[in-house]
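# Topology and contacts: notes
Residues per chain are reported as follows:
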Amino acid sequence: MITGIIIGIIIAICIISLRSYLKKLAYGCCGAGGDNEKTKNSKSDLSGYKYRYTVKISGMSCKKCAAKIENTFNRQGMYAQADFKNGTAEIYSKSPIAEYIVRQIIVGLGYSVERTDENEL
């Protein structure tokens, strides 16, 4: 009886693990799905952006992760450029942004912020 229960638990764990692995294969490590297309926002026109925030981010592990962060900030009227290899993102804005807002956006996406530096351009 106990052997049957243990075998059942092991089978359930294997099924859950297999489903998780198949999901990662289909959607990438972060589950970003088709959101890896970068939102159009030209870096060549940074003249209107007066503030730059350099953010050290934990948890970015692929291009889709970086694109997910970039797109979130780009949709809000800012310009962001994330580098998953270095675990950093540069966020440009036209007006000052409170550090907790930058942190809140990134944490809301499922990543964690190690450090934020603000530089006025």
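Going by the structure above, here's the rest.
What you see is a predicted model; the values in this text were computed from it and never measured.

## Details of the overall build of the chain
The helix and strand tally for the chain stands at three helices and four strands. For the chain, the α and β elements follow one another from N to C terminus as α-β-α-β-β-α-β. Counting across all 121 residues of the chain, residues that qualify as buried make up 32%. Sequence separation of at least 24 residues holds for 75% of the intrachain contacts in the chain that already meet a minimum separation of 6. Total accessible area on the chain is roughly 7700 Å²; 56% of this is exposed by carbon and sulfur atoms.

## With respect to the packing of aromatic side chains
One pair of aromatic rings is described through two measures. These are the centre distance and the angle between the planes. Under the criterion given, the structure shown has one aromatic pair. Measuring from ring centre to ring centre gives 6.0 Å for Tyr79 and Tyr92, while their planes differ by 40 degrees; the resulting arrangement is tilted. With a gap of 13 residues between them, Tyr79 in strand S2 (residues 79–83) and Tyr92 in strand S3 (residues 88–93) connect regions that are remote in the sequence. Pair check on accessibility: Tyr79 and Tyr92 agree, each one buried. Note that Lys94 overlies the ring of Tyr49, its terminal NZ or CZ placed 5.4 Å from the centroid.

## Focus: helix H3 (residues 99–108)
For H3, the full list of buried residues reads Val102, Ile105 and Ile106. The buried residues of H3 all sit within an arc of 95 degrees when viewed along its axis, so they share a single face. Exposed residues pointing more than 90 degrees away from the buried face of H3 are listed as Tyr100, Gln104 and Gly108. Structurally, H3 contributes buried residues whose contacts are with strand S1 (51–58), helix H2 (63–74), S3 and strand S4 (112–120).

## Considering the side chain of Asn74
Looking at the element boundaries, Asn74 is found in helix H2. Within polar-contact distance, the side chain of Asn74 engages the backbone nitrogen of Ala80 at 2.9 Å.

## With respect to the pattern of salt bridges
Scanning the model with the defined rule gives two salt bridges in all. Between Arg103 and Glu99 there is a salt bridge whose closest N-O contact spans 2.9 Å. In this pair, Arg103 and Glu99 both sit in helix H3, four residues apart, roughly one turn of the helix. The exposure class assigned to Glu99 is partly exposed, which follows from its relative accessible area of 40%. Here Arg115 ties to Asp117 by a salt bridge, and the two come within 3.2 Å at their closest N and O atoms. The partly exposed category is assigned to Asp117, whose relative accessible area is 32%.

Here is what the cut-offs are and how they apply
- Residues numbered from 1 in each chain as written.
- Predicted model: local features only at pLDDT ≥ 70, side-chain atom pairs only at ≥ 80, totals over all residues.
- Heavy atoms only, no water.
- Helix = DSSP H or I, 4+ residues; strand = E, 2+ residues; numbered from the N terminus.
- Buried < 20%, exposed > 50% of the residue type's maximum accessible area, 1.4 Å probe, protein only.
- Contact = heavy atoms within 4.5 Å.
- Areas by Shrake-Rupley, 256 points an atom, 1.4 Å probe, with all protein chains shown as cover.
- Phe/Tyr/Trp six-rings, centres within 6.5 Å; stacked < 30°, edge-to-face > 60°.
- Lys NZ or Arg CZ within 6 Å of the ring centre and 35° of its normal.
- Arc of directions from axis to C-beta.
- Polar contact = N/O pair within 3.5 Å; in protein donor to acceptor, adjacent residues only side chain to side chain.
- Salt bridge = Lys/Arg side-chain N within 4 Å of Asp/Glu carboxyl O.

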